[in-house]
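Below are the chains, spelled out letter by letter.
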Amino acid sequence: MAGKAQAPAPVGTRQEQVGGKARSGWQGGGRGWEDTKQPAKKLKSSVDGEPPRKLPKRKIVLLMAYSGKGYHGMQRNVGSSQFKTIEDDLVSALVRSGCIPENHGEDMRKMSFQRCARTDKGVSAAGQVVSLKVWLIDDILEKINSHLPSHIRILGLKRVTGGFNSKNRCDARTYVYMLPTFAFAHKDHDVQDEAYRLSAETLRRVNQLLACYKGTHNFHNFTSQKGPREPSAQRYILDMYCEEPFERDGMEFVVIKVKGQSFMTHQIRKMVGLLVAIIKGYASQDVLERSWGEAKVDVPKAPGLGLVLERVHFESYNRRFGHDGLHEPLDWAREEAEAAAFKEQHIYPTIISTERQERSMAQWLSTLPTHNFSATAHAAASPGTKVPSPQEGSEGDGDSD
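Residues numbered from 1 in each chain as written. Predicted model: local features only at pLDDT ≥ 70, side-chain atom pairs only at ≥ 80, totals over all residues. Heavy atoms only, no water.

## Regarding the overall build of the protein chain
When helices and strands are tallied, the protein chain shows ten helices and twelve strands. Classification of the 401 residues of the protein chain by burial places 52% in the buried group. Long-range contacts, defined as pairs at least 24 residues apart, comprise 75% of the intrachain contacts of the protein chain with a sequence gap of at least 6. For the protein chain, the computed accessible surface area is about 18500 Å², with 47% contributed by carbon and sulfur atoms. (Helix = DSSP H or I, 4+ residues; strand = E, 2+ residues; numbered from the N terminus. Buried < 20%, exposed > 50% of the residue type's maximum accessible area, 1.4 Å probe, protein only. Contact = heavy atoms within 4.5 Å. Areas by Shrake-Rupley, 256 points an atom, 1.4 Å probe, with all protein chains shown as cover.)

Following this line, the structure appears as structure tokens:
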């Protein structure tokens, strides 16, 4: 009938022959989902003056990768244009691609938006996951990415249950911290520049110390947000280790991996900071043990530059829904190669070039002699003595409570 336009078929509709013409179902990243309960809906043309009928919204998750340099974190601050965030660019792309109406961008609760981890200033990600409700338009991934800068990519999309919340459903998060190996050069008998090369003996000691973080500990000294007796200061670290060193542009680097149920603001950077202070000889190993206690310990905070959200884990969700015949498990195995390529193209080169230009690690290392670990511990143990806490910035590591 003249003046009528055929609507895009909803998600899961297979390509069929209707009236001798092919009608294509939605394809997002090479995948489709069967949803036989939702018949195809026709959009009314605007020619007759009536607004088009909306497609049904569906709950999905997006796998994101981004370089955090130049951004004031992941989380959007609606109404504030002073600090640009990753979500500012993401929401703009969702609106411009036709996935959500414009008013959903102004009030993100309308699309049930939730992020797995609130990465903060300068922190990058290769495996961030956000959940939200969208219109599943044709070629959705391609259209969203066409409105994003090259240093922010949507790598994958999957349908999830209607009540899915990416933060609450996440069982664990894996971060990596990339740093130049001269950070481990001993202050008294090693060269303190790019000529330093990490020995096998020092790497073994690094991993011995990192193993001490595993298990459940009171991490109140590793954040500015918790007191020593707050139950939420207890955090469970599943694994933490340092990989073999590698060379880039004449500088040697290592990557520290840590997997935990959740992390508080600054926690990972302070875990790395105390490790470096011990390896370099500024602090003794017993400072690490004392940091679990109630006494205040001045724990140095490593730069945010090398911190990357590597992966988020949904083991419980996958066991319950991943093989129910309606939903896919959230394991992202097919997207791993693309995520690795993104790190090599956008994240690691940015860390290396920024370290060379701004010398963030070298400058931070020069502040370590100002920390007097024994003095702060003694002051904390003295009744009536107030221990000055280190100045905290606005950046953080992950999902603070």
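## Some details on helix α8 (residues 336–358)
For α8, spanning 23 residues, the distance from its first C-alpha to its last is 31 Å, which sits close to the expected 33 Å at 1.5 Å a residue. In the structure, α8 departs most strongly from a straight axis at Lys-343, where the bend amounts to approximately 40 degrees. The set of residues buried in α8 consists of Ala-339, Phe-342, Lys-343, His-346, Ile-347, Tyr-348, Thr-350, Ile-351, Ile-352, Thr-354 and Glu-355. Trailing α8 by a residue or two, Arg-359 shows a phi angle of about 50 degrees, which is positive. (Expected span 1.5 Å × (residues − 1). Bend = angle between axes of the 7 residues up to and from the residue.)

## Side note on helix α5 (residues 267–280)
With 14 residues, α5 ought to run about 20 Å at 1.5 Å a step, and its terminal C-alpha atoms sit 20 Å apart, in line with that. Within α5, 14 of the 14 residues are buried, which leaves it mostly tucked inside the rest of the structure. One or two residues past the end of α5 sits Gly-281, with phi positive at roughly 95 degrees.

## Thoughts on the pairing of strand β12 (residues 307–313)
When you tally the buried positions in β12, you get six out of seven residues, the bulk of the element. Two elements, strand β5 (residues 124–135) and β12, share two bridges in a ladder whose sense is parallel. Directly across from Ala-125, in β12, lies its bridge partner Leu-309. Of the pairings in the sheet, the one linking strand β7 (residues 172–180) to β12 comprises six bridges and is antiparallel in character. Its bridge partner lying in β12, Tyr-175 is registered against Leu-309. (Pairing = 2+ DSSP bridges.)

## Topic: the packing of aromatic side chains
In the structure shown here, the tally under the stated rule is eleven aromatic pairs. Between Tyr-213 and Phe-219, the aromatic rings sit 6.4 Å apart at their centres with planes inclined by 25 degrees, giving stacked as the arrangement. Owing to a relative accessible area of 0%, Phe-219 belongs among the buried residues under this scheme. With centroids separated by 5.2 Å and ring planes inclined at 40 degrees, the aromatic side chains of Tyr-317 and Phe-321 adopt a geometry described as tilted. Separated by four residues within a single helix, Tyr-317 and Phe-321 lie in helix α7 (residues 315–321), roughly one turn from each other. An aromatic cluster is defined as three or more aromatic residues linked by ring pairs; in this entry it consists of Phe-164, Phe-314, Tyr-317 and Phe-321. Above the face of the Tyr-282 ring, Lys-187 is positioned so that its terminal group lies 5.7 Å from the ring centre. (Phe/Tyr/Trp six-rings, centres within 6.5 Å; stacked < 30°, edge-to-face > 60°. Lys NZ or Arg CZ within 6 Å of the ring centre and 35° of its normal.)

## Regarding the pattern of salt bridges
Applying the stated criterion across every chain yields a total of 19 salt bridges. Linking Asp-120 and Arg-118 is a salt bridge whose minimum nitrogen-to-oxygen distance equals 3.1 Å. Residue Arg-118 is classed as partly exposed on the basis of its relative accessible area, which comes to 22%. A cluster of three or more residues bridged by salt bridges with shared partners is formed by Glu-243, Lys-257, Glu-310 and Lys-343. (Salt bridge = Lys/Arg side-chain N within 4 Å of Asp/Glu carboxyl O.)

## Some words on unusual backbone geometry
Backbone geometry at Asp-249 places phi at a positive 55 degrees, although glycine is not the residue there. Considering the arrangement of structural elements, one finds Asp-249 in the loop between β10 (246–248) and β11 (251–260). For Asp-249, a relative accessible area of 61% gives the class exposed.

## Brief notes about the packing of helix α4 (residues 200–211) against α5
Their axes nearest at 11 Å, the elements α4 and α5 cross at an angle of 135 degrees. On the basis of their axis angle, the class for α4 and α5 is oblique. Considering only the axes of α4 and α5, their crossing is right-handed. Residues Thr-202, Arg-205, Val-206, Leu-209 and Leu-210 of α4 form the contact with α5, whose own contacting residues are Leu-275, Ile-278 and Ile-279. A breakdown of the residues in the contact of α4 with α5 according to their chemical character gives six nonpolar, one polar and one charged. (Axes fitted to C-alpha atoms, helices over the stretch in contact; angles between N-to-C directions. Parallel < 35°, antiparallel > 145°, perpendicular 65-115°, else oblique. Left-handed = near helix turned anticlockwise from the far one by under 90°. Nonpolar A, V, L, I, M, F, W, Y, C, P; charged D, E, K, R; others polar.)

Just distances and angles here, no functional claims.
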